[in-house]
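Per-entry structural report
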Amino acid sequence: MAFKIKAHKLMNDSSAVNFVQSPNVGGKLDPRFLVIHYTASGPGSDIAAYFSKPAAKVSAHLVIRRDGSVSQCVPFDEVAFHAGDSRWTDKTGKKFIGLNKFSIGIEIENWGPLKKTGSGWVSWTGQPVDAGKVIEARHKFGVPNGGWEIYTEAQIESSIDAAAAICKAYGIDEIVGHDDISPGRKSDPGPAWTMSSFKAKVFGRSQSDDNLMIVRSPSGLNIRSGPGMEHAAVRPDPLPDGTKVVVQEANGNWRFVTVLNSSGQMDFSGWVHGGFLFEA
Ligand SMILES: [Zn+2]
């Protein structure tokens, strides 16, 4: 998909994407940031339709469903109500409080955290989620620990294309998660969202392989629940020599990584010492 922006609407070739105006809007927006969310909903819920109801009191600029289809609910030059209580310090050290006034919000249809039951994984509503669509990971801010629904390839592709068009049109160079701007209160988009490779693709840097690393340690490498030796291992066995990981965050010498399984799919996440990681 090659998106463009015309009159503050997302265009797919020459026609606007599905537009469902939300009444839940503020004043004029001159966007500085892009904020990524998950909807915490399943395929049976139409979140764009929900945003069109005044009673919802919330909205976002875009909603991206599991099949990758995009709906726009608020023009990009109007404030949408997606961030709530939030704050962020930009790259230059300038502080922003209440990110609705400064950002474009993209909601991606995804359950978020899942609970394990005797028969498998379920959403917060109790709906079963296939184990093949679940990553076991610890959120970078520690909550909650468990299963997270994987985002679909179609969603990732649509998100990259839409975000690239938005960032180019509005000169945006910072993309954040809702969890970054409301830490502790929010956990979206969560550890199933590979923010570093997403940003690399949106900003046209050389692919996500930037962040792909290989574990080099003959005796294996412990993967821990936090950035330090004092944190418990998240797996009983260390990662074997040669394990591929995607680096998500750095904290001193420690790296928060997503471990890939033998077929290259995300498997689980945790912290490892960066001294044992080498370029793939
Ligand atoms: Zn959110």
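Residues numbered from 1 in each chain as written. Predicted model: local features only at pLDDT ≥ 70, side-chain atom pairs only at ≥ 80, totals over all residues.

**As for the overall build of the chain**
- Helix and strand content of the chain: 4 helices and 23 strands.
- A compact globule built from 280 residues should have a C-alpha radius of gyration of about 19 Å, and the chain, at 19 Å, falls within 12% of that.
- In terms of its C-alpha atoms, the chain occupies a principal-axis envelope of roughly 55 × 45 × 35 Å.
- In the chain, which comprises 280 residues, the share counted as buried stands at 42%.
- Long-range pairs, those at least 24 residues apart, make up 64% of the contacts in the chain with a sequence separation of at least 6. (Helix = DSSP H or I, 4+ residues; strand = E, 2+ residues; numbered from the N terminus. Rg over C-alpha atoms; globule rule 2.2 N^0.38 Å. Buried ≥ 20, exposed ≤ 12 C-beta atoms within 10 Å, placed from the backbone. Contact = placed C-beta atoms within 7 Å.)

**Regarding the domain arrangement of the chain**
- Its domain assignment divides the chain into domain 1 (3–202) and domain 2 (209–279).
- Placing a centre on the C-alpha atoms of domain 1 and another on those of domain 2 gives a separation of 27 Å.
- Every contact between the two is made by 12 residues of domain 1 and, on the other side, 15 residues of domain 2.
- Broken down by secondary-structure element, the contributors of at least two residues to the side of domain 1 that touches domain 2 are strand E16 (134–138) and helix H4 (195–202). (Domains from an automatic or database assignment.)

**Brief notes about the nonpolar core**
- Formed by 50 residues in total, the largest nonpolar core has its most connected members in Leu34, Val35, Leu62, Ile106, Ala162, Ala163 and Ile166.
- Of all hydrophobic cores here, the second largest spans 13 residues; its members include Val245, Phe256, Trp271 and Leu277. (Core = buried A, V, L, I, M, F, W, Y, C linked by C-beta atoms within 7 Å.)

**Some remarks on the sheet that holds strand E18 (residues 175–177)**
- Strand order across the open sheet formed by 6 strands is E4-E8-E7-E12-E6-E18, with mixed pairing between neighbours. Strands with a single pairing partner mark the edges of an open sheet, and in this sheet they are strand E4 (18–19) and E18.
- Pairing of strand E7 (residues 62–64) with strand E8 (residues 70–72) involves 3 bridges; the strand directions are antiparallel. Among the inter-strand pairings, isoleucine 64 is bridged to a residue of E8, identified as valine 70.
- Sheet strands touched by helix H2 (residues 153–170): strand E6 (33–38), E7, E8, strand E12 (103–108) and E18. Its angle to E12, the strand with the most contacts, is close to 170 degrees. (Pairing = 2+ DSSP bridges. Axes fitted to C-alpha atoms, helices over the stretch in contact; angles between N-to-C directions.)

**Describing the sheet that holds strand E1 (residues 3–6)**
- One open sheet holds the 3 strands; their spatial order is E1-E2-E3, and the pairing between them is antiparallel. In this open sheet, the two edge strands, each paired with only one partner strand, are E1 and strand E3 (15–16).
- One ladder, built from 2 bridges, connects strand E2 (residues 9–12) with E3; its direction is antiparallel. By the bridge assignment, methionine 11 is partnered in E3 with alanine 16.

**Points about the packing of H2 against H4**
- Put simply, H2 and H4 touch, their axes get as near as 9 Å, and they point 55 degrees apart. With respect to H4, the axis of H2 lies oblique. Where H2 crosses over H4, the handedness of that crossing is right-handed. Contacts between H2 and H4 involve Ser159, Ile160, Ala163, Ala164 and Cys167 from the former and Phe198, Lys201 and Val202 from the latter. (Parallel < 35°, antiparallel > 145°, perpendicular 65-115°, else oblique. Left-handed = near helix turned anticlockwise from the far one by under 90°.)

**Overview of the environment of tryptophan 121**
- The residue tryptophan 121 is located in strand E14 (residues 120–122) in this model.
- Leaving out residues up to four positions away in the same chain, tryptophan 121 has contacts with Leu114, Lys116, Val129, Ala131, Val134 and Gly147.

**Observations concerning unusual backbone geometry**
- Residue proline 189 is reached from aspartate 188 by a cis peptide bond, and omega for that bond is 5 degrees.
- At alanine 40, a residue that is not glycine, the phi angle is positive and equals roughly 60 degrees.
- As for its placement among the helices and strands, alanine 40 is situated in the loop between E6 and helix H1 (47–51).
- In this structure, lysine 57 takes a positive phi of about 65 degrees despite not being glycine.

**Focus on H4**
- For H4, the buried fraction is high: 6 of the 8 residues fall into the buried class.
- Those residues of H4 not exposed but buried are Met195, Ser197, Phe198, Lys199, Lys201 and Val202.
- Summarising the contacts, the buried residues of H4 are in contact with H2, E18 and strand E20 (244–251).
- Phi turns positive, to about 70 degrees, at glycine 204, one or two residues after H4.

**Observations regarding the pairing of E1**
- Bridge count between E1 and E2: 4 bridges; the pairing is antiparallel. Within the sheet, the bridge partner assigned to phenylalanine 3 lies in E2 and is asparagine 12.
- Taking the residues that link successive antiparallel strands as the turn, the E1-E2 hairpin has 2 residues, and the phi of alanine 7 there is positive, at about 50 degrees.

**Regarding H2**
- Between its terminal C-alpha atoms H2 stretches 26 Å, which fits the 26 Å expected from 18 residues at 1.5 Å a residue.
- Restricting attention to buried positions, one finds in H2 the residues Gln155, Ser158, Ser159, Ala162, Ala163, Ala165, Ile166 and Cys167.
- A positive phi of about 65 degrees marks glycine 171, the residue just after H2. (Expected span 1.5 Å × (residues − 1).)

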